[in-house]
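Commentary on secondary and tertiary structure
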Amino acid sequence: MLERLRANYAFLRFVSDVTLTEVALFLAGVLRPLLPIGSPLTAEQTRMPLIVYVLVGLVWSVAFLLLSVYAPRNQRAIDEAQTIFRSVTLATLALAGTLFFSFRVISRIQILTFYALNLVLLIGYRLVVRLSLRMIGRPRYARRKVLILGAGEAGHDVLSMIERHRWAGLEPVGFLDDRFPSQTQVGGYPVLGRIEEVACYVESEGIEEVVIALPSYAYDRFLHLMAKLPNLPARVRIVPDHIKTSLFRAVSEEFAGVPMITLREPTLTSFERQVKRVFDLCVGTALFFLILPLGALIAIVIYVDSPGPVLFKQQRVGENGRLFWMYKFRSMIKDAEKRQDDVVRVADDGRLLFKYANDPRVTRVGRFIRRTSLDELPQLLNVLKNDMSLVGPRPELPWIVEQYELWQWQRFAVPQGVTGWWQINGRSDKPMHLHTEEDLFYIQNYSLLLDIQILWQTVRAVLKGQGAY
């Protein structure tokens, strides 16, 4: 429910931003003849052609999505204003460059006026919305239930701060703490149960905010607890200086009027997912038809080179641990999987290595298509089927996932990809099951612009052929 509201709110802001941008463009044309600077112009001379309005809508939409204007990290007013400033500046520069080669008669002063009006309207309406919410409070459907972990001094202080900021829509439900008997009252709210029961209470009570206010000696229990929380539909926050958070995705935000650290879940918002899926469908479809002749040629060469099917399908672990069949051009002998145990090696730290150079199962054609990553082309079918994304953590083999540590499962919180951060930073020289941190880095820093950068750098990595075997 809350995630859907956030996605709808992000889409509403997107539509409002584009609409206000078009309004700013119109107003700039109206104001230009009235300005006492530059050459005198008539209203007819400053009227923008319809094609310019269409161009502005497209350029600004791309800029807003590329720079992640609607990402959760932009909740603070100053962060949101800075992102808007960067987006509008980038879009205006792109527009000015385009107009230079097309509509050179458009006044430069008019473009600068549009730029200033655009910033004022976009930032101004956000401030108005924030002030309105602060004055009238959040509507009932947007109220957020808060569960506090720790009923000690820090927990009591958090409760007091929430009580002073009820206008923000915060609704305390109670505490979880092992040191107090169940139903003990702390500040007028009950201790509901033990800390280990957090998942149960989040789901049963519809909790949307979890605030961790545990003492420092509970650090080990906190690490164990965090392995459970990322899969829950609740935002996790901690009180600073109580717990070290170097291993988690932490963002400083204001909560109930006090700075806190939010442990952002390793996943994408609904709006980001929708944008990513549209991007995958558009680019994936174009690439599929573009490489179709090359794919046919590769299929013929594989068929002639060695006996066996042209396509190789293998079960992999996808988003949220879902199994699916991933497609590749066959690059190994027909019974390669039956000989898996013969080639698996054990690293110095006891972990398994199963992909390395000079694998005896690889065919002659297989070595070439692996080195050039042409064996991965059929995975565009997985992208179109929505099994995978163009960019994301690589889908892993089930038998390797069974040996994952609990924290490594966070890499499956997003769609798995044909290429990703791991591929452009070493590929097979850095086995992905030993470098889950790089997948988490991608998730934590996701943006559409990052996806485009990874796709571009993948081309360079493929041409170099480093780590591909």
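Since the model is a prediction, treat every value here as computed from it, not as a measurement.

How each quantity is defined
- The residue numbers shown here count from 1 along each chain, following its written sequence.
- With pLDDT at 70 or above as the cut-off, local features in this predicted model cover only qualifying residues; side-chain atom pairs require 80 or more to be listed or tallied, and sums for whole chains, interfaces and linings still use all residues.
- Remark: hydrogens and water are excluded; side-chain values derive from all non-hydrogen atoms of the structure.
- Strands here are runs of E lasting at least two residues and helices are runs of H or I lasting at least four, both read from the DSSP assignment and numbered beginning at the N terminus.
- For every residue, the accessible area obtained with a 1.4 Å probe (protein chains only) is divided by the maximum for its type, and the residue is called buried under 20%, exposed over 50%, and partly exposed between those limits.
- Should any heavy atoms of two residues lie within 4.5 Å, those residues are counted as being in contact.
- Given a helix with a known number of residues, its expected span is that number minus one, times 1.5 Å.
- By definition, two strands form a pair when at least two bridges between them are found by DSSP.
- In this analysis, axes come from line fits to C-alpha atoms, helices being fitted only over the stretch in contact, and the angle between any two N-to-C directions falls in the range 0 to 180 degrees.
- Each angle is binned into one of four classes, with values under 35 degrees roughly parallel, values over 145 roughly antiparallel, values of 65 to 115 roughly perpendicular, and all other values oblique.
- Throughout this entry, Asp, Glu, Lys and Arg are counted as charged residues, while Ala, Val, Leu, Ile, Met, Phe, Trp, Tyr, Cys and Pro are counted as nonpolar. The remaining residues, Gly among them, count as polar.
- Left-handed is the label given to a crossing in which the near helix is rotated counterclockwise from the far helix by less than a right angle, and right-handed is the label when the rotation is clockwise.
- Any pair of nitrogen or oxygen atoms within 3.5 Å is treated as a polar contact; in protein, a donor-acceptor pairing is required on top of that, and neighbouring residues in sequence qualify only through side-chain atoms on both sides.
- The criterion for an aromatic pair is that two Phe, Tyr or Trp rings (for Trp, the six-membered ring) have centres within 6.5 Å, with stacked assigned to planes under 30 degrees apart, edge-to-face to planes over 60 apart and tilted to the rest.
- We call a charge positioned above a ring when the Lys NZ or Arg CZ atom is no farther than 6 Å from the ring centre and deviates by at most 35 degrees from the ring normal.
- Each patch is built from salt-bridge-free residues with over 30% relative accessible area, joining like charges within 9 Å and nonpolar side chains (Val, Leu, Ile, Met, Phe, Trp, Tyr) within 5 Å.
- The protein chains shown are the only cover counted for residues, whose accessible areas, like all others here, come from Shrake-Rupley with a 1.4 Å probe.
- Salt bridge, as used here, is a side-chain nitrogen of Lys or Arg placed within 4 Å of a carboxyl oxygen of Asp or Glu.
- Among buried residues, the Ala, Val, Leu, Ile, Met, Phe, Trp, Tyr and Cys ones that are joined through side-chain atoms within 4.5 Å form a nonpolar core.

1. Points about the overall build of the protein
Tallying secondary structure elements over the protein gives 14 helices and 14 strands in all. Sorting the 469 residues of the protein into buried and exposed places 49% on the buried side. Partitioning the contacts of the protein with sequence separation of at least 6, the portion at a separation of at least 24 is 70%.

2. Brief notes about helix H2 (residues 50-66)
Between its first and last C-alpha atoms H2 spans 25 Å; for 17 residues at 1.5 Å apiece the expected length is 24 Å, and the two agree. Among the residues of H2, Val52, Tyr53, Val56, Gly57, Val59, Trp60, Ser61, Ala63, Phe64 and Leu66 are the ones counted as buried. Ser68 occupies a position one or two residues after H2 and carries a positive phi of about 55 degrees.

3. A few points about the pairing of strand S9 (residues 311-317)
Alignment of S9 against strand S10 (residues 323-329), held across seven bridges, turns out to be antiparallel. What sits directly across from Lys313, in S10, is Tyr327. Here S9 folds back onto S10 in antiparallel fashion, the turn holding five residues, of which Asn320 has a positive phi close to 60 degrees.

4. Regarding the packing of helix H8 (residues 270-305) against helix H10 (residues 364-371)
The N-to-C vectors of H8 and H10 enclose an angle of 150 degrees; their axes lie 9 Å apart at closest approach. Relative to H10, H8 is oriented roughly antiparallel. Packed against H8, whose contacting residues are Ile298, Val301, Ile302 and Asp305, the element H10 presents Arg364, Val365 and Ile369 at the interface. Here the residues of the contact of H8 with H10 are counted per class, giving five nonpolar, no polar and two charged.

5. Observations concerning the packing of H2 against helix H3 (residues 77-100)
Between H2 and H3, the shortest axis-to-axis distance is 9 Å and the interhelical angle comes to 140 degrees. Regarding the angle of H2 to H3, the classification is oblique. Here H2 and H3 pass one another in a crossing that is right-handed. For the pair H2 and H3, the contacting residues are Val52, Leu55, Val56, Val59, Trp60, Ala63 and Phe64 in the first and Ser87, Val88, Ala91, Thr92, Ala94, Leu95, Thr98 and Leu99 in the second. For the contact of H2 with H3, the per-class residue count stands at 12 nonpolar, three polar and no charged.

6. Observations regarding the side chain of Arg144
The residue Arg144 is located in strand S1 (residues 144-149) in this model. In this structure the side chain of Arg144 is engaged in a polar contact, spanning 3.0 Å, whose partner is the side chain of Glu209.

7. Looking at helix H13 (residues 436-444)
Working note: α-helix, 3.6 residues per turn, so residues spaced by three or four point in the same direction. All of the buried residues along H13 are Thr436, Glu438, Asp439, Leu440, Tyr442 and Ile443. Where H13 is buried, its residues contact H8, strand S13 (389-391) and helix H14 (448-464).

8. Some words on the packing of aromatic side chains
Counted according to the given criterion, the structure contains seven aromatic pairs. For the pair Phe100 and Phe101, a centre-to-centre distance of 5.2 Å together with 90 degrees between the ring planes defines the contact as edge-to-face. Under the relative-accessibility criterion, Phe101 is labelled exposed at 73%. Judged by centre distance (5.9 Å) and plane angle (25 degrees), the rings of Tyr404 and Phe412 are stacked. In this structure, Tyr404 and Phe412 share a single accessibility class: buried. Following the ring pairs from residue to residue traces out a cluster consisting of Phe14, Phe64 and Tyr70. Across from the ring centre of Phe412, 5.1 Å away, lies the NZ or CZ of Arg411, which sits over that ring.

9. What to know about unusual backbone geometry
Positive phi, close to 75 degrees, is recorded for Gln183, a residue that is not glycine. Along the chain, Gln183 falls in the loop between strand S2 (170-176) and strand S3 (185-186). Residues other than glycine seldom take positive phi values, yet Ser373 does so here, at roughly 60 degrees. Looking at where Ser373 falls in the secondary structure, it is placed in the loop between H10 and helix H11 (379-384).

10. Re a nonpolar patch on the surface
There is a patch of nonpolar side chains on the surface, built from Val23, Phe26, Leu27, Val30, Leu31 and Leu34 and spanning about 510 Å² of accessible area. Summarising the element assignment, Val30 is placed in helix H1 (residues 2-31). Given the relative accessible area of 41%, Val30 is considered partly exposed.

11. Considering the nonpolar core
Core analysis: the largest hydrophobic core is formed by 58 residues, its most contacted members being Trp60 and Phe114. At eight residues, the largest contribution of residues to this core is made by H2. Sequence-distant contacts of Phe114, defined by excluding residues within four places in its chain, comprise Thr21, Ala24, Leu25, Ala28, Val56, Trp60 and Leu95.

12. Let's talk about the pairing of strand S5 (residues 209-212)
Burial along S5 is two-sided: Glu209 and Val211 and Val210 and Ile212, pointing in opposite directions, are all buried. Bridge analysis of S1 against S5 gives four bridges, and the strand direction is parallel. In the sheet register, Leu149 faces S5, and the bridge partner there is Ile212. For S5 and strand S6 (residues 235-238), the ladder comprises four bridges, and the chain directions are parallel. Looking at the pairing, Val210 lines up with Val236 of S6.

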